[in-house]
Amino acid sequence: QVQLVESGGGLVQAGGSLRLSCVASGGTFSSYHMGWFRQAPGKEREFVAAITWSGGSTYYADSVKGRFTISRDNAKNTVYLQMNTLKPEDTAVYYCAAEYRIRGITWNPNEYDYWGQGTQVTVSS
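Residues numbered from 1 in each chain as written. Predicted model: local features only at pLDDT ≥ 70, side-chain atom pairs only at ≥ 80, totals over all residues. Heavy atoms only, no water.

Peer 1: Just to check I follow, could you spell out the packing of aromatic side chains for this structure?
Peer 2: By convention here, two paired aromatic rings are described through the distance between centres and the angle between planes. Under the defined criterion, the tally for this structure stands at ten aromatic pairs. Aromatic side chains Tyr 59 and Trp 107 sit 5.7 Å apart centroid to centroid with 45° between the ring planes, which places their arrangement in the tilted category. Here Trp 107 lies in the loop between strand 9 (92-100) and strand 10 (114-115) and Tyr 59 lies in strand 6 (residues 58-60), a separation of 48 residues in the sequence. Look at Trp 107 and you get partly exposed, because its relative accessible area is 48%. Seen in terms of ring centroids, Tyr 100 and Tyr 114 are 6.2 Å apart; in terms of plane orientation they differ by 70°. Their pairing is edge-to-face. Of this pair, Tyr 100 sits in strand 9 while Tyr 114 sits in strand 10; the two residues are 14 residues apart in sequence, bridging distant segments of the chain. Feature note: the residues Phe 37, Phe 47, Tyr 59, Tyr 95, Trp 107, Tyr 112 and Trp 115 constitute an aromatic cluster, connected by ring pairs. When the ring centre of Tyr 80 is taken as reference, the NZ or CZ atom of Arg 19 above it lies at 4.0 Å. (Phe/Tyr/Trp six-rings, centres within 6.5 Å; stacked < 30°, edge-to-face > 60°. Helix = DSSP H or I, 4+ residues; strand = E, 2+ residues; numbered from the N terminus. Buried < 20%, exposed > 50% of the residue type's maximum accessible area, 1.4 Å probe, protein only. Lys NZ or Arg CZ within 6 Å of the ring centre and 35° of its normal.)

So this is what it looks like as structure tokens:
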């Protein structure tokens, strides 16, 4: 059983930056691809970014491409999401998730096996 704990959310003005972290415990971190998802009030959970178990490949939603960067440190069991040039429409609860690497990396939230509790990101205009 893998536990994921996100941190780093908060309130920021439009144009600002935040760095989210997600620390994993209870499993072998390098056994998992990792993803970041977000959910705004009244909306479905949506894919933001994903990274393969080795960190060798990354994937982004079009809405964040060029502004957000996903990375991981397998020695620290941590995945990061650097968010720059934030916009009010980025406001949401951000979740990290883990998917067994035996399966191909995906941006379908239903394919992920473990989830964190989420961290709130609020971007003011």
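Peer 1: Looking at this structure, I do not really get the nonpolar core. What am I missing?
Peer 2: Note on soluble globular proteins: their nonpolar side chains tend to be buried together. Judged by nonpolar contacts, the single largest core of 36 residues is most densely connected at Leu 4, Met 34, Trp 36, Val 79, Leu 81, Met 83 and Tyr 94. Within the residue set of this core, elements represented by two or more residues are strand 3 (18-25), strand 4 (32-39), strand 5 (46-51), strand 7 (68-73), strand 8 (78-83), strand 9 and strand 11 (119-124). Beyond its immediate sequence surroundings of up to four residues, Tyr 94 is in contact with Glu 6, Leu 20, Trp 36, Phe 37, Arg 38, Val 48, Phe 68, Leu 81, Met 83, Gly 118, Thr 119 and Val 121. (Core = buried A, V, L, I, M, F, W, Y, C linked by side-chain atoms within 4.5 Å. Contact = heavy atoms within 4.5 Å.)

Peer 1: Explain the state of the cysteines here, please?
Peer 2: In protein structure, a disulfide is the covalent linkage between the sulfur atoms of two cysteines. On inspection of all chains with the given rule, the structure shows one disulfide. Here Cys 22 is linked by a disulfide to Cys 96, with a sulfur-sulfur distance of 1.9 Å. Taking the sign of the S-S torsion, 45° for the link of Cys 22 and Cys 96, the bridge is right-handed. Placement of the pair is Cys 22 in strand 3 and Cys 96 in strand 9, with a sequence separation of 74 residues. Grouping residues by exposure puts Cys 22 and Cys 96 together as buried. (Disulfide = S-S within 2.5 Å.)

Everything listed here is a matter of coordinates, which is why it stays silent on function.
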